[in-house]
Amino acid sequence: MNELVQRWRASRRIRALTLCAIAVVIVIATWYPSPHPSAGFDPSWQIALHLSAAERMDFGTDVVFTYGPLGFVLFPQTVTGTTWAIAFVVTFLLRVALVLLVIGATRRATGHILPAIVAGFVCAATLGPLITIPGMLAALAAIVLIQQPARLRRMSWLVASALGAAAALCLLIKLDSGVVATITLGLAAWFQGPRGMRALGQFAGGYIVAFLAGWLATGNPLSTIGSWLGWSRQMVSGYTEGAMFTDARVGPGWHFTVFFSALALVAIGAWWAWRGRTRSERAALWVVLGLVCWVEFKHGFVRHDTHVAGTLLTLGLLPLMLRWPRRYVGWLALAAASVGLVGALNAMDLDPWQRLEPTGARGFA
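Calculation rules
Residues numbered from 1 in each chain as written. Predicted model: local features only at pLDDT ≥ 70, side-chain atom pairs only at ≥ 80, totals over all residues. Heavy atoms only, no water. Axes fitted to C-alpha atoms, helices over the stretch in contact; angles between N-to-C directions. Helix = DSSP H or I, 4+ residues; strand = E, 2+ residues; numbered from the N terminus. Parallel < 35°, antiparallel > 145°, perpendicular 65-115°, else oblique. Contact = heavy atoms within 4.5 Å. pLDDT = per-residue confidence, 0-100. Phe/Tyr/Trp six-rings, centres within 6.5 Å; stacked < 30°, edge-to-face > 60°. Buried < 20%, exposed > 50% of the residue type's maximum accessible area, 1.4 Å probe, protein only. Expected span 1.5 Å × (residues − 1). Arc of directions from axis to C-beta. Polar contact = N/O pair within 3.5 Å; in protein donor to acceptor, adjacent residues only side chain to side chain.

1. Some words on the packing of helix H6 (residues 133-147) against helix H13 (residues 279-301)
Where H6 contacts H13, the two axes come as close as 10 Å, and the packing angle between them is 170 degrees. Relative to H13, the element H6 is oriented roughly antiparallel. For the pair H6 and H13, the contacting residues are Ala-139, Ile-143, Ile-146 and Gln-147 in the first and Glu-281, Ala-284, Leu-285, Val-288, Leu-289 and Val-292 in the second.

Listed below in structure tokens is the structure:
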């Protein structure tokens, strides 16, 4: 047994494969996709996204929405066989990537694998169907990469180019998530491989290639890119006025209390964790944190319903992404993260008698 543990600790490849396998198992155990389309406000536009992709309708002329031509990939419903298969695979991989990121960050913070697995499980159980995974995943990954750049010995250009491609795909999925991903991953690219403008050039190259490939692959002509961006920007800017409401079941303002408590913990932790970093690193990290907190506040409290679960989850995960100088501080970060995680678990069900119902993976978490 001791020999296996020593081999696991000594081999980075074995550790990576083990963590990937754990993340896959966690997602399989906690994700319950509902593939059958249903009636209602949200299911209707999700079905429309699938049909738009299947019929290869032009975004910017035939279709205008906050989601782009790849928006259907977040909603694995059996509207058509092809779009369902693509959406299922993409959603599964996004969830695995997020859980793997949480496990790796928690293990780095605490030095132990068990609390990392618990944190990954709770995160996966809290995701639900309403979370905006691409933008959140991009921002969390950017925080990690700014603090610890992935410097490859060979093909150093690959990291910045891959970050650009990921940001472009986020833009094709949803405009606001794409803007967040572009800014946060662009800042992360600055610190990868050859720092500075060269890395940004590689980021821009990957961004343009991935965007054009995705745009053309979904049957959209190049001539409609401008109109799609323009109309979509108008829809996003009008979201606050058009979608503002509070679900009558949310009760008193405990969501705000949890949000600002988690925000205060993140701010204190960020100041503590970044004291020894360069000015450029601190500036980039503050930009990412400020942008994420602002976007998530609007996401959770403009349409104040179960969407707030995603907001509280994101705020809970932020402390785990910081690099801490001492192990005991990492454990404190995990305790701070629990403020947002527990709040997110409670917010998944608005009816008080259903909160933390002891059934399924979420109830167990």
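The rest of the description comes next.
2. Examining the confidence of the model for the protein chain
Counting all residues, the mean pLDDT for the protein chain is 83, and 89% of those residues have values of 70 or more. Element-level pLDDT for the protein chain is lowest in helix H1 (residues 2-10), with a mean of 59, against a maximum mean of 92 in helix H9 (residues 197-217). pLDDT under 50 marks residues 352-356. Its contacts with residues more than four places away, or in other chains, come to 9 contacts.

3. Overview of the packing of aromatic side chains
In this structure the tally under the stated criterion is 18 aromatic pairs. Centroid distance Phe-211 to Trp-215: 5.9 Å. Interplanar angle 15 degrees. Geometry classified as stacked. Placement of the pair is Phe-211 and Trp-215 together in helix H9, with a separation of 4 residues, close to one helical turn. For the pair Phe-211 and Trp-215, a shared accessibility class is recorded, and that class is buried.

4. Concerning helix H12 (residues 254-273)
Given 3.6 residues to a turn, an α-helix orients residues that are three or four positions apart in the same direction. An ideal rise of 1.5 Å per residue puts 28 Å on 20 residues; H12 measures up with 28 Å between its terminal C-alpha atoms. Within H12, the full set of buried residues consists of His-255, Val-258, Phe-259, Ala-262, Val-266, Gly-269, Ala-270 and Ala-273. Burial along H12 is one-sided: seen end-on, the buried residues are contained in an arc of 100 degrees. Turned more than 90 degrees off the buried face of H12, the exposed positions are Thr-257, Ile-268 and Trp-271. Where H12 is buried, its residues meet H13, strand E2 (303-304), helix H14 (308-321) and helix H15 (327-347).

5. Section: the environment of Thr-80
With respect to the secondary-structure elements, Thr-80 resides in the loop between helix H3 (41-54) and helix H4 (81-110). For Thr-80, a relative accessible area of 21% translates into the label partly exposed. Through-space distance from the C-alpha of Thr-80 to that of His-50 is 7.2 Å; in sequence the pair is 30 residues apart. Looking at Thr-80, its side chain comes within polar contact range of the side chain of Thr-83, at 2.4 Å.

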